[in-house]
Amino acid sequence: MSERLDSIKLEQLGPKCQVVLFDEQGLVSESCNTLLTINKSVPLFEQFDFLLSLQDVLKSLQSEPLVFDLVEWHEQKEALFSITFQRKSAKQWLWFIVDRSHEREQILTVQQSRNNAAINEEVLAIQQKYLEAEKKLLAYRNDELLRIQKFKQRFFAEVSHEMRTPLHSITGLVKLLETTKSQDVPSLLHALKATSQHLNHVINDVLDLSKIEEGKLQLEELAFELKDILDSIVRGFTLSTQEKGIVLETTIAPGVPQIIVSDPIRLSQVLYNLIGNAIKFTHSGSVTLAVEPVSQKAKSLRLKFSVHDTGVGMSEESIAKILEPFTQVEGQSFYEYGGTGLGMGIAQGIIETMGGHLKIKSELGKGTSMWFSIDCKPGEVTQYTTRDYLEEPSAASLQNLRVLFAEDDAMSTMMLKQYADNWGLSARFVETLPDLKALLWSESYDLLVCDLHLGDDHSAGLIEKLRTTAGPNRQVPIIFLSGDAQNKHPELSSISQWAYLVKPANPKTLALKIRDMAKPKHNTMNESVDLTHLKNSAQGNLAFLIDLIETIMENLPKDLQKLKEALDQPDYETCRKMLHKVKPSIGYLGIPDLLEERNRLYDLVAEQRLSKEEVLRFANRIEAALSDLKRQKEELQ
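Residues numbered from 1 in each chain as written. Predicted model: local features only at pLDDT ≥ 70, side-chain atom pairs only at ≥ 80, totals over all residues. Heavy atoms only, no water.

## A look at the overall build of the protein chain
Here is the rule: Numbering goes from the N terminus for both helices and strands, where a helix is a DSSP run of H or I of at least four residues and a strand is a run of E of at least two. For the exposure calls, accessible area comes from a 1.4 Å probe over protein chains only, and a residue counts as buried if that area is under 20% of its type's maximum, exposed if over 50%, partly exposed in between. It only takes one pair of heavy atoms within 4.5 Å for two residues to be counted as in contact. Surface accessibility in these figures is a Shrake-Rupley result with a 1.4 Å probe; residues are shielded only by whichever protein chains are displayed.
When helices and strands are counted, the protein chain shows 22 helices and 19 strands. Here the protein chain holds 637 residues, and 40% of them are scored as buried. For the protein chain, the share of sequence-separated contacts (at least 6 apart) that also reach a separation of at least 24 residues comes to 64%. Carbon and sulfur atoms make up 52% of the accessible area of the protein chain, which totals about 35,800 Å².

See the structure below:
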């Protein structure tokens, strides 16, 4: 190439590039300093941070050049450089810089175009994935909707059939009662009661399944005699076993305590389901319920419950299916055996809530075994029994009591009027809240029996106002009636002197409540103890009865003192524990309104509204009751 062309190239490229030669220490031997000013006495690595970051890389550089196509440069000047490093010899490196700042706009345009293309490609990929996911979700939703639709159709078909059958029976039985002779009435009433109970079981199955699935099933902890519960269950199947000619027997292994602490209602429900299912599919032979200890310590106990039958049995495939709602054993029609198919699933849910797991072993034609283990505790004093220890109140104890009934349901009113006539009450009936208010503020009554809902009105607000207004019924005792559970009505906690019964109320229970609440109230220093509960627990054993009385007299004052001390702190959690602890002892005293007062204080603790004055009045009443308990104990000895 001619010197003239070299000169032209230098003129064109010279101002836009720079060449630097340096050694491994970064000391510069030559530099044209066209773009950057290089100090030859200072290593490059100390002059430029960019080179410092590459020091180790440059030392390892071999014949291949190290190229940085575009670098945003900020040292000495702001520029856009293309940079190349190349080893020229064992001890010399070349640093070649080209200034491309004048191309910035064009480069950015191209770069942006590439970025946009990459972004668009990524967006398209994401959109494709989204469409695929949406398609899968839509398919899942369609499958789920179909499943739910099929479930609902089956649910309503099965349950409506189950409900329609007893409803038709009830209608037919009522028609028979309207035309039948008097001597046939008892048998028809028995059939009517059994049919209505069956309908109630169907409804309860559906409600319990809902509670279990929502995790809202709550367990009680009560002390009860295990044999009492098992005997009650066996009695319930007497007719079924007699009709089928099979034997139902129970065995309790040595080492199982007489009294245990658990939830007797839920345990009974599980055993009813398992035994009922076993009897249903057993046409000959026997059904056996066995209880045995798995492990036992001072304050803990694990029991195994087993139900074995000699029935039709199941295949392995059916064992998993019967725990699903509305499922029957294969080959057995729904119409042949009846039932909603919910019982086994509910039993499993309750067992798991109680800390166990239902296990099943079966063989077609040879029978089935089902068993589970649950944690409980050894107990000392019975808090729950299936025995009917309540004495029927005499007509004289209710005669001429002035009772005001507030009820807007025609059927409930008719039954209450019949009860009032049978008991000899001096009764008045109202259906609306204004009528109730008019009588409460004008006439005096011994007791008010009031539905919580009168039409669209709520009676609790009126009663709360009654308690703060001067009038003849300011302190009248009240029995609230409602179809809801009591815990659904926290507003009642601010009202005094009341009891609560779930509708439809058992007539015997209602009569006893009326007798106990409407009788003249003892003052706080003369609480009369009813030993019925304690005598029932002692089962005729006088020495045991006296031991129970002495246990209450010894421990109840200590618990009350702890309650007072906790309230002084205030330590509401300890207050709650102590009020929970004294409940069984107070229940044994047989003073219903004293137990109601304890329940009211317990509710106040939960709201942290318990006052010292209320606890002192409560303690004084307990002390008076214990004084009467001591007197009655001395009379027994």
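## Observations concerning the sheet that holds strand S19 (residues 498-502)
This is how the line gets drawn: Two strands are said to pair when DSSP picks up at least two bridges between them. Think of each axis as a best-fit line through the C-alpha atoms, taken over the contacting stretch in the case of a helix, with angles from 0 to 180 degrees between the N-to-C directions.
Read across the sheet, 5 strands follow the order S14-S13-S15-S18-S19 without closing on themselves; strand pairing throughout is parallel. At either margin of the open sheet sits one strand with a lone partner, and together these are strand S14 (426-430) and S19. Across the sheet, the mean angle separating the axes of adjacent strands is 20 degrees when strand polarity is ignored. Strand direction decides the pairing type here: strand S13 (residues 402-406) and S14, joined by 5 bridges, are parallel. The partner of Leu404 across the bridge, within S14, is Arg428. Running at roughly 175 degrees to S19, helix H17 (residues 507-518) makes contact with S13, strand S15 (447-451), strand S18 (478-482) and S19 of the sheet.

## Points about the pattern of salt bridges
Where side chains of opposite charge bring their charged atoms close, a pairing between them can arise. What counts is decided by this rule: The rule for a salt bridge is simple: a side-chain nitrogen of Lys or Arg has to be within 4 Å of a carboxyl oxygen of Asp or Glu.
Counted by the stated rule, this structure contains 17 salt bridges. Here Lys558 makes a salt bridge to Glu554, at a shortest N to O gap of 3.6 Å. Taken as a pair, Lys558 and Glu554 lie in helix H19 (residues 542-568) at a separation of 4 residues, close to a single helical turn. Among the residues examined, Lys558 registers a relative accessible area of 46% and is labelled partly exposed. You can call Glu554 partly exposed: its relative accessible area is 47%. Close ionic contact of Glu623 with Lys564 constitutes a salt bridge, the shortest N to O distance being 4.0 Å. Residue Glu623 is located in helix H22 (residues 612-636), and its partner Lys564 is located in helix H19; the two are separated by 59 residues in the primary sequence. Overall, Glu623 belongs to the partly exposed group, its relative accessible area being 43%. Members of the salt-bridge network, linked through shared partners, are Asp69, Arg100 and Glu103.

## Let's talk about a negative patch on the surface
Defined as follows: For patch building, the residue pool is restricted to those with more than 30% relative accessible area and no salt bridge; the joining distance is 9 Å between like charges and 5 Å between nonpolar side chains (Val, Leu, Ile, Met, Phe, Trp, Tyr). The charge count includes Lys and Arg as positive and Asp and Glu as negative, but it does not include His or the ends of the chains. All charge positions are set by atom: Lys at NZ, Arg at CZ, Asp at CG, Glu at CD.
A surface patch of like charges, here negative, comprises Asp408, Asp409, Glu431 and Asp435. Within the secondary structure layout, Asp409 lies in the loop between S13 and helix H14 (410-423). Accessibility expressed as a relative area gives 35% for Asp409, which makes it partly exposed.

## Details of the environment of Cys376
Counting through the fold element by element, Cys376 comes out in strand S12 (residues 367-378). Taking the C-alpha atoms as reference, Cys376 lies 9.9 Å from Ala223; in sequence the two are 153 residues apart. Residues in contact with Cys376, not counting those within four places in the same chain, are Ile260, Val261, Ser262, Ser300, Leu301 and Leu303.

## What about the side chain of Ser482?
What counts, and what does not: Definition of a polar contact: a pair of N or O atoms within 3.5 Å, with one able to donate and the other able to accept a hydrogen when the atoms are protein atoms, and with sequence-neighbouring residues admitted only if both atoms are side-chain atoms.
Structurally, Ser482 can be placed in strand S18. Judged by its relative accessible area of 2%, Ser482 falls in the buried class. Of the polar contacts made by the side chain of Ser482, one reaches the side chain of Tyr500; its length is 3.4 Å.

## Some remarks on the pairing of S13
Short version of the rule: If the strands point away from the viewer and the path from the first strand over the helix to the second runs clockwise, then the crossover is right-handed.
Most of S13 is tucked away, with 4 of its 5 residues classed as buried. Taking the sense of rotation as the criterion, the β-α-β connection linking S13, H14 and S14 turns out right-handed. Note that S13 and S15 share 4 bridges and pair parallel. Residue pairing in the sheet places Phe405 in a bridge with Val449 of S15.

## A word on the nonpolar core
Formally: For the purposes of this section, nonpolar cores are sets of buried Ala, Val, Leu, Ile, Met, Phe, Trp, Tyr and Cys residues that join through side-chain atoms within 4.5 Å.
Formed by 38 residues in total, the largest nonpolar core has its most connected members in Leu226, Leu267, Leu274, Leu303, Phe305 and Phe372. Every element with two or more residues in this core is listed here: helix H7 (226-236), helix H9 (264-280), strand S9 (286-296), strand S10 (301-309), helix H12 (343-353) and S12. Looking at this core, the element that brings in the most residues is H9, giving 7 residues. Counting residues in hydrophobic clusters, the runner-up holds 33 residues, among them Leu531, Ile549, Met578 and Leu610.

## Comments concerning the sheet that holds strand S4 (residues 79-89)
Taken in spatial order, the 5 strands line up as S2-S1-S5-S4-S3 in an open sheet, and their pairing is antiparallel. The open sheet has two edge strands with one neighbour each: strand S2 (28-31) and strand S3 (66-73). Looking at each pair of strands side by side, their axes are set apart by 20 degrees on average, direction ignored. Strand direction decides the pairing type here: strand S1 (residues 17-22) and strand S5 (residues 92-99), joined by 6 bridges, are antiparallel. Note on S5: the bridge partner recorded for Cys17 is Val98.

## Description of the confidence of the model for the protein chain
Condition: Known as pLDDT, the predictor's per-residue confidence is scaled from 0 to 100.
Chain-level statistics for the protein chain give a pLDDT mean of 80 and a share of 81% at 70 or above. In this model, residues 520-526 is a region of pLDDT below 50 whose contacts with residues beyond four sequence positions or in other chains number 10 contacts.

## Points about the environment of His453
The topology assignment puts His453 in strand S16 (residues 453-454). In this structure the C-alpha to C-alpha distance between His453 and Leu433, which are 20 residues apart in sequence, comes to 9.0 Å. Aside from chain neighbours lying at most four places away, what touches His453 is Asp408, His458, Asp484 and His489.

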